[in-house]
Amino acid sequence: MTLLDAVLSLSEAPARDEALQRILRALARATAADALSVLTAAEDGSVGVAAQIGLSPAALGLSFDPAEHPRLRRATLAAGPIRFLDPSEPDPYSGWLLGSAGEIHPIHACMAVPLRVQGRLAGLLTLDACDPRGLRGLRDEDARMFAGLCAGALRLDAGPGPALAAGARRAAGPASGSALPGRSAAMRRIEREIEVLAPLSVPVLVTGETGVGKELVARALHERSPRASRALVIVNCAAIPAQLVESELFGHRKGAFTGATAARAGRFEAAHGGTIFLDEIGELPLAAQAQLLRALQEGEIQPVGEDRARRVEARVVAATNRDLRREVAEGRFRADLFHRLWVYPICVPPLRERREDIPALCERFAAEIAAELGAARVDFAEPALRALTQAGWPGNVRELKNAVERAVLRRRMAEGTGAAGRTLVLRREDVDDAGDADQHGALARAGAPRIELPGERPWPAGELPGERPWPAGAPPGAPTEPLVEALERARREAFARAFRAAGGNAAMAGRLLGVSRSFAYKEAVRLGLIPAPEPRRR
């Protein structure tokens, strides 16, 4: 009956916008989506909200430039329905999507379907569900049918819709431009390499120090490839416990091991037809390396506990900050896998070797935080920009981004007035700790609060953690606690510091930590620093 209602909307609705609204209402009854929208394509390439359910009323007429929004860009290039599986990608409706208790949780289900009329892109149909599993019941075939009805409605003669009206508002997104901003010869070389390698299916190994932007290279390779409409699955190999690596990458059968209460597909199957990015690949144990080699050579994976292999087709992009040649020589990395990955390596140089890129990066990061603060723009006084350009940046681009954001927040607090609509000018004193490798000193100068965790004793003045004496009876060089516990304690302290400094704001804490908002939120919930969200009642 729902599909019939949607079909009748085309013949009974008096105008295009009313037909779109009726189709969305019919689709809402057929799915668990909390928000749906139809965006229409304009001649300048932008897409604007022509009809919606579940968004803020102010979203009607909002216009987006797909070049500034990765999800919308992928949707406009897709051949059919596309489901967004990477929570680190910014959602264009962030701040506009409303649930029963306010703004939607960062982790949610999101889907888009391109609308085509006579072979040309006419718009997009989007669906968002607060429940991460909320769109599983919607088959791609059904999504295509509703998209076809929406495309038919767009042909109704109703004049320009709200999204195409003169003076349509442009939604702010991440800074536009190259995925790898910079004017240095090294970055121009990497851009050329990406353009050549993106259309191919050969594995790519991205090397470079921590924080240089290896993930940006992987994203650029995916987004400029024919696989852009499919999933980009990101795996941090260093974050997976050694005993779960094979299950995480290749899946497992129910009962394959203790705790495997249900069958589970691995990351490779999730990336079928798309790209899988294996960050910190040098951390993979040798057993998993053998399976990965088979996936690269034969296009087959074997889930844990299964006897038969499965076919999977995914482009592999890997990254490491280790010297894999040395790892091979010392027996920690398979030589055959190394040679399979070393088809065409892309080496991203450290920031200290391409200082001419720093001004462009500073402008990009400042523009992003200015948009979040509501400021008109952020400018740099000459002494401040010179200090940023001359700093050492042992943490590379990631550290530079944190320093710029910290400087903007300092300037905002120093002036003591709202930033909305104003231009903030960063001064030399705002970037005093630029590129400082002594993070303890930098935090102290920044006035960051000291967070003492339960049972923790503050470090004595002038004493560094590595200089604390061992407990009585402990042999020289012996650890005081298991490594896993030490890492978990350090992780909890780092997240606690960031959330305290950010006033509980997950997005700001994520920037301070160099991670995504969604990851910062999930980890804070897991560590018990903030309460878990209550289940939504429909």
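Look up a bit, the structure's there.
A. Looking closely at the overall build of the protein chain. On a plain count of helices and strands, the protein chain comes out with 18 helices and 18 strands. The buried share of the protein chain, taken over its 538 residues, is 45%. For the protein chain, restricting intrachain contacts to residue pairs at least 6 apart in sequence, the fraction spanning at least 24 positions comes to 68%.

B. Spotlight on the environment of L278. Positionally, L278 belongs in strand β12 (residues 275-279). The sequence separation of L278 and E215 amounts to 63 residues, and the corresponding C-alpha distance is 9.5 Å. Excluding residues that lie within four positions of it along the chain, L278 makes contacts with V235, C237, L249, L292, V316, V317, A318 and A319.

C. Structural view of unusual backbone geometry. For E280, which is not glycine, the phi torsion reads 55 degrees and is therefore positive. With respect to the helices and strands, the residue E280 is situated in the loop between β12 and α9 (286-298). By relative accessible area, E280 is classed as buried at 17%. In this model, N396 sits at a positive phi of 60 degrees, which is unusual for a non-glycine residue. Relative to the helices and strands, N396 is located in helix α14 (residues 396-415).

D. Local environment of the pattern of salt bridges. Overall, the coordinates contain 34 salt bridges when judged by the stated rule. Residues R264 and E248 are paired through a salt bridge, measuring 3.6 Å at the closest nitrogen-oxygen approach. On the criterion of sequence distance, the pair formed by R264 in the loop between α7 (245-250) and α8 (267-270) and E248 in helix α7 is long-range, its members being 16 residues apart. Under the relative-accessibility criterion, R264 is labelled partly exposed at 36%. For E248, a relative accessible area of 17% gives the class buried. Of the charged contacts in the structure, one is a salt bridge between E382 and R386, with a shortest N-O distance of 3.9 Å. Note that E382 and R386 are positioned in helix α13 (residues 382-390) at a spacing of 4 residues, about one turn of the helix. Under the relative-accessibility criterion, E382 is labelled exposed at 53%. Under the relative-accessibility criterion, R386 is labelled partly exposed at 40%. What you see here is one network of salt bridges that share partners, running through E283, R322, E327, E330 and R332.

E. Expanded view of the side chain of E223. Mapped onto the fold, E223 is located in helix α6 (residues 214-223). E223 gets classed as buried once you look at its relative accessible area, which sits at 18%. Within the structure, the side chain of E223 is placed 2.7 Å from the side chain of R73, a separation counted as a polar contact. If sequence neighbours within four positions are ignored, E223 has contacts with P70, R73 and A228.

F. Molecular detail of the packing of helix α12 (residues 358-373) against α14. Between α12 and α14, whose axes approach to 9 Å, the crossing angle comes to 50 degrees. Classed by the angle they form, the pair α12 and α14 counts as oblique. Judged by the twist between their axes, the crossing of α12 over α14 is right-handed. On the side of α12, the interface is formed by I358, L361, C362, F365, A366, E368, I369 and L373, while α14 contributes V397, L400, K401, V404, E405, V408 and L409. Residues belonging to the contact of α12 with α14 are distributed by class as follows: 12 nonpolar, no polar and 3 charged.

G. Summary view of the sheet that holds strand β10 (residues 204-207). Read from one edge of the open sheet, 5 strands run β11-β12-β15-β10-β16, paired in parallel fashion. The open sheet has two edge strands, β11 (232-236) and β16 (345-347), and neither has a second partner. Put simply, the sheet's adjacent strands are angled 20 degrees from each other on average, direction ignored. Where β11 meets β12, 5 bridges bridge the pair, whose relative direction is parallel. Each bridged residue has a counterpart across the sheet, and for V235 the counterpart in β12 is L278. Sheet contacts for α6: β10, β11, β12, β15 (315-320) and β16; angle to β15, the most-contacted strand, approximately 165 degrees.

H. Spatial organisation of the packing of aromatic side chains. Scanning the model with the defined rule gives 3 aromatic pairs in all. Aromatic side chains F250 and F268 sit 5.5 Å apart centroid to centroid with 25 degrees between the ring planes, which places their arrangement in the stacked category. Of this pair, F250 sits in helix α7 while F268 sits in helix α8; the two residues are 18 residues apart in sequence, bridging distant segments of the chain. A single burial state applies to F250 and to F268, both of which are buried.

I. Inspection of the side chain of Q291 at higher detail. Within the secondary structure, Q291 is located in helix α9. The class of Q291 is buried, set by a relative accessible area of 13%. Excluding its chain neighbours within four sequence positions, the residues that come into contact with Q291 are E246, F250, I301 and Q302.

J. A look at the nonpolar core. Counting residues in each nonpolar core, the largest one holds 38 residues, and the members touching the most others are W393, L400, V404 and F499. Counting only elements with at least two residues in this core, the list comes to α12, β17 (377-380), α13, α14, β18 (423-426), α16 (483-501), α17 (506-513) and α18 (517-526).

K. Region of the structure containing the pairing of strand β8 (residues 120-129). With respect to burial, β8 is a largely interior element, 8 of its 10 residues being buried. Where strand β1 (residues 35-41) and β8 come together, 6 bridges link them in antiparallel fashion. Looking at β8, one finds that V38 is bridged to L125. Judged from the 9 bridges that link them, strand β7 (residues 109-117) and β8 form a sheet pairing that is antiparallel. Bridged to C110 within β8 is D128. Hairpin connection from β7 to β8: 2 residues lie between these consecutive antiparallel strands, with Q118 at a positive phi of about 55 degrees.

Conventions used here
- Residues numbered from 1 in each chain as written.
- Predicted model: local features only at pLDDT ≥ 70, side-chain atom pairs only at ≥ 80, totals over all residues.
- Heavy atoms only, no water.
- Helix = DSSP H or I, 4+ residues; strand = E, 2+ residues; numbered from the N terminus.
- Buried < 20%, exposed > 50% of the residue type's maximum accessible area, 1.4 Å probe, protein only.
- Contact = heavy atoms within 4.5 Å.
- Salt bridge = Lys/Arg side-chain N within 4 Å of Asp/Glu carboxyl O.
- Polar contact = N/O pair within 3.5 Å; in protein donor to acceptor, adjacent residues only side chain to side chain.
- Axes fitted to C-alpha atoms, helices over the stretch in contact; angles between N-to-C directions.
- Parallel < 35°, antiparallel > 145°, perpendicular 65-115°, else oblique.
- Left-handed = near helix turned anticlockwise from the far one by under 90°.
- Nonpolar A, V, L, I, M, F, W, Y, C, P; charged D, E, K, R; others polar.
- Pairing = 2+ DSSP bridges.
- Phe/Tyr/Trp six-rings, centres within 6.5 Å; stacked < 30°, edge-to-face > 60°.
- Core = buried A, V, L, I, M, F, W, Y, C linked by side-chain atoms within 4.5 Å.

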